[in-house]
Amino acid sequence: MQSILRQGCRLLPGLTVNVRASGSCTSAAGHWAPPSGFDTGIQVYNSLTRRKEALTLHRPALATWYSCGPTVYDHAHLGHACSYVRFDIIRRIMIHYFGIDVVMVMVITDIDDKIIKRANELNLSPVSLARTYEQEFKQDMMALKVLQPTIYMRVTEHIPQILSFIQQIISNGHAYATSHGNVYFDVQSIGKRYGKFIGSFSHMDTESVVSDKRSPRDFALWKTAKPDEPCWDSPWGKGRPGWHIECSTVASTVFGEQLDIHTGGIDLAFPHHENEIAQCEAYHQCEQWGNYFLHSGHLHLKGTEEKMSKSLKNYITVKEFLQSFSSDEFRMFCLRSKYKSAVEYSKDSMNEATSTLKIISSFLNDANAYLKGQLICEPIQEDILWQRLNETRVNVKAALADDFDTLRAVDAVMDLIHHGNRQLKTVSKGVPQARSPLVYGAMVSYVEQFLDILGISLQEEQVSVDGKHSALLLNVVDEIVDFRSKVRNFALASEVTVQDLQNSEEERVLQKARRKQMIKDREPLMRACDEVRLNLAGYGINIKDRGTVSTWELQNSKGSQEQ
Ligand SMILES: Nc1ncnc2c1ncn2[C@@H]1O[C@H](COP(=O)(O)OP(=O)(O)OP(=O)(O)O)[C@@H](O)[C@H]1O
Ligand SMILES: [Zn+2]
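Scoring rules and cut-offs
- Residues numbered from 1 in each chain as written.
- Chains lettered and ligands numbered in written order.
- Predicted model: local features only at pLDDT ≥ 70, side-chain atom pairs only at ≥ 80, totals over all residues.
- Heavy atoms only, no water.
- Helix = DSSP H or I, 4+ residues; strand = E, 2+ residues; numbered from the N terminus.
- Buried < 20%, exposed > 50% of the residue type's maximum accessible area, 1.4 Å probe, protein only.
- Contact = heavy atoms within 4.5 Å.
- Areas by Shrake-Rupley, 256 points an atom, 1.4 Å probe, with all protein chains shown as cover.
- Donors = N, O, S within 2.8 Å, 3.2 Å for Na, K, Ca; no water.
- Tetrahedral: all angles 85-135°; square planar, octahedral: opposite > 155°, others 65-115°.
- Near = heavy atom within 4 Å.
- Polar contact = N/O pair within 3.5 Å; in protein donor to acceptor, adjacent residues only side chain to side chain.
- Nonpolar A, V, L, I, M, F, W, Y, C, P; charged D, E, K, R; others polar.
- Pairing = 2+ DSSP bridges.
- Axes fitted to C-alpha atoms, helices over the stretch in contact; angles between N-to-C directions.
- Salt bridge = Lys/Arg side-chain N within 4 Å of Asp/Glu carboxyl O.
- Expected span 1.5 Å × (residues − 1).
- Phe/Tyr/Trp six-rings, centres within 6.5 Å; stacked < 30°, edge-to-face > 60°.
- Lys NZ or Arg CZ within 6 Å of the ring centre and 35° of its normal.
- Core = buried A, V, L, I, M, F, W, Y, C linked by side-chain atoms within 4.5 Å.

Asker: Help me understand the overall build of the protein, please; the structure alone is not making it clear to me.
Answerer: On a plain count of helices and strands, the protein comes out with 18 helices and 15 strands. Split into buried and exposed, the 563 residues of the protein put 53% on the buried side. By sequence separation, contacts in the protein at least 24 residues apart represent 77% of the contacts at least 6 residues apart. Surface accessibility of the protein: about 26400 Å² in total, with carbon and sulfur atoms responsible for 52%.

Asker: Can you walk me through the coordination of the zinc ion (ligand 2) in this structure?
Answerer: Every protein donor of the zinc ion (ligand 2) is listed here as Cys68 (SG), Cys247 (SG), His272 (NE2) and Glu276 (OE), and their distances to the metal cover 2.0 to 2.4 Å. Around the zinc ion (ligand 2), the four donor atoms sit at angles spanning 78 to 135°, and that spread fits a shape best called irregular. Expressed as a motif, the donor residue spacing for the zinc ion (ligand 2) is C-x178-C-x24-H-x3-E. On the criterion of sequence distance, the pair formed by Cys68 in the loop between strand S3 (62-67) and helix H2 (78-98) and Cys247 in helix H6 (residues 243-255) is long-range, its members being 179 residues apart. You'll find Cys68 and Cys247 in the same group, each marked buried.

Asker: How should I be thinking about the site of ligand 1 in this particular structure?
Answerer: Inspection of the region around ligand 1 gives 22 residues, with Thr71, Asp267, Lys307, Met308 and Lys310 positioned closest. In the environment of ligand 1, an oxygen atom lies 2.9 Å from a nitrogen or oxygen atom belonging to the backbone of Gly265. Here an oxygen atom of ligand 1 sits 3.2 Å away from a polar atom, N or O, in the side chain of Ser309. Protein contacts shield 96% of the accessible area of ligand 1, which totals 590 Å² for the unbound molecule. Elements with a minimum of two residues in the shell around ligand 1: H2 and strand S10 (259-265). No other element matches the four residues that H2 contributes to the shell around ligand 1. Residue composition of the shell around ligand 1, grouped by class: six nonpolar, 12 polar and four charged.

Asker: Whenever I open this one, the sheet that holds S3 confuses me. Can you help?
Answerer: Each strand in a sheet pairs with its neighbour through backbone hydrogen bonds, running either in the same direction (parallel) or in the opposite one (antiparallel). One open sheet holds the five strands; their spatial order is S5-S4-S3-S10-S11, and the pairing between them is parallel. Bordering the open sheet on either side are strand S5 (151-154) and strand S11 (290-296), each of which pairs with just one other strand. Taken pair by pair, the neighbouring strands of this sheet meet at an average axis angle of 25°, ignoring direction. Sheet topology places S3 next to strand S4 (residues 101-108); six bridges connect them, and they run parallel. Bridge pairing in S4 places Tyr66 opposite Val105. Helix-sheet contacts for H2 involve S3, S4, S10 and S11, and the interaxial angle to S3 is about 175°. Packing of helix H4 (residues 126-143) onto the sheet brings it into contact with S4 and S5, and relative to S5 it is tilted by some 165°.

Asker: When you look at the pattern of salt bridges in this model, what are you seeing that I'm missing?
Answerer: Once the charged atoms of two side chains with opposite charge are near each other, the side chains can pair. One pass over the structure, following the stated rule, counts 36 salt bridges. The shortest N-O distance in the salt bridge between Glu281 and Lys196 comes to 3.6 Å. Residue Glu281 is found in helix H7 (residues 269-284), and its partner Lys196 is found in the loop between strand S7 (183-185) and strand S8 (219-224); the two are separated by 85 residues along the sequence. The partner of Glu352 in a salt bridge is Arg336, with the nearest N and O atoms 3.1 Å apart. Of this pair, Glu352 sits in helix H10 (residues 347-372) while Arg336 sits in the loop between helix H9 (327-335) and strand S13 (343-345), and the two are 16 residues apart along the sequence. The exposure class assigned to Glu352 is partly exposed, which follows from its relative accessible area of 41%. Each of the salt bridges in this network shares a partner with another, and the network as a whole consists of Asp110, Arg131, Glu134, Lys138, Arg154 and Glu157.

Asker: It is not clear to me how the side chain of Thr156 should be interpreted in this structure. Could you clarify?
Answerer: Topologically, Thr156 is positioned in the loop between S5 and helix H5 (159-171). A distance of 2.6 Å separates the side chain of Thr156 from the side chain of Asp110, its partner in a polar contact.

Asker: Looking at this structure, I do not really get H5. What am I missing?
Answerer: Since there are 3.6 residues in each turn of an α-helix, residues three or four apart along the chain are aligned in direction. Over its 13 residues, H5 runs 18 Å from end to end, which matches the ideal 18 Å to within 8%, given 1.5 Å per residue. Burial in H5 covers these residues: Ile159, Pro160, Gln161, Ile162, Leu163, Ser164, Phe165, Ile166 and Ile169. Considering only its buried residues, H5 is in contact with strand S6 (175-177), S7, S8, strand S9 (239-241), H6 and H7. Positive phi shows up at Gly173, right after H5, with a value of about 85°.

Asker: What is the right way to look at the packing of aromatic side chains in this model?
Answerer: Describing an aromatic ring pair means giving the distance of the ring centres and the angle of the ring planes. Taken as a whole, this structure holds 20 aromatic pairs when the rule is applied. Against the face of Tyr45 rests Lys340, its NZ or CZ located 4.2 Å from the ring centre. Of note, Arg522 hangs over the ring of Phe490, and the distance from its end group to the ring centre comes to 3.5 Å.

Asker: How should I be thinking about the nonpolar core in this particular structure?
Answerer: Generally speaking, a soluble globular protein has its nonpolar side chains buried in company with each other. Counting residues in each nonpolar core, the largest one holds 138 residues, and the members touching the most others are Tyr66, Met94, Phe330 and Tyr440. By residue number, the principal contributor to this core is H2, which donates 12 residues. Here Tyr66 is in contact with Val105, Val107, Cys247, Val250, Ala251, Phe255, Leu259, Ile261, His262, Thr263 and Glu276, once residues within four sequence places are set aside. Core analysis: the next-biggest nonpolar cluster, separate from the first, contains eight residues, Val477, Val481, Leu536 and Ile541 among them.

So, in structure tokens, the structure goes:
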């Protein structure tokens, strides 16, 4: 591929493509028709109709999903991260809550004006620039625990298919080539069917007006070569594909004329998705190519109107972000808003996400300590907790089925945690209490599963801190905390023997005085215990002393929060 781009034009082999242009009309022109197929029980907001619709798939338990990918000319920033993490959450919900397999195709835009411009600035070839940032993008997505698409496809590896696609659109009477070697889509040829997204989004076509267009609204399918730019031979002369045609071709190459779900940031709705639809429906000669268009809202910096953007240079890269926060914290930040809404990134919003995770983590630690018998608590009102747990299950599923409302789902889980915490009232000594470990076990299991499905693994974070020997280190911490706990109890002279309880009043007074003296003598031990606790807190290990029992948990490993 590198040589193609570097050397400029080359003759392409046979222009075959494994998609067929056939007619499959599913709706009256210009109107959205509910697809026939298999109901998922999910309602999704469809940008095509601007309301929630029942999500019906073409095949049972299988969704075909096309996602616009990145234009790889710079580092990925939090705006990109937000869009891809939000859709990753939706994909995981579809798979794990609703049992739907997803075939996801994502295109990597590796040839584009922005890539050429940046490559020239850096004195690099466009292809090497694109490969570098493609690699970075994939690493960033992995670091954010975004599942890979079923397949990534590069534009430059699909030029023959793109040419064939354009030729078919021309044959179908919806595009024209000019004497300058450009090919344009003839917007007028599809009449009122153009403009599905206009009204809800920007109404201006952003393609620059070029004199050889028949109408300013027409957009480029093929652009004639400019000097020193990468180009390919074509029936219309040397050139390169327009932006929108790559998505239509690549999506059709895999999915043919039927697509269940199409996603991207809201800025892509018009003109990009509008034009993708126009091209696909002109090529396949069908009236409804993509059934559901889901658009994610933009991420803004606090107090600014503009989205975070490479072009506006107001961005924080994913790598910079991950120096201070974990991927789990970012995911929680994303979960705490609806995917469609614009979201404001700020220190406060990140702190809220961090503190939500801390509350969850602390509950899991306490509940586990209770399960193990380390925490002695007042008797639990089990019935209430069982009922709350069942209600949470129902409410979470209902929220997720309602256009993937993760905000509502997280609130429902936090409510359960609140009730779980309320009942964990520790008693330091006294008679053994009736115990209810099972209901806490069920809550721990449910909350962990909920997080796991959405891509947050607190346990994994505990084990993956700083490298491969960490699991061993966790056992070492266990030993230290246990040892400290014994020393501390000794220093507190807290053991009360049966003999102590049977002593006479006079002996008890003496005993008390002796214990007071003992505590004084053992004060250095107590100080040492406090020092260990403080020092370990510096490493993010938080020891909690509860009466005579000490438990511990990891704080955020990035040190982004208070100790
Ligand atoms: N600030 C943002 N908030 C949410 N999604 C965003 C943001 N910026 C880009 N995206 C989304 O990320 C995906 C990849 O975008 P793309 O690589 O085309 O970025 P771009 O628009 O070129 O970036 P930029 O605007 O930073 O120059 C698209 O779906 C786009 O809508
Ligand atoms: Zn696209």
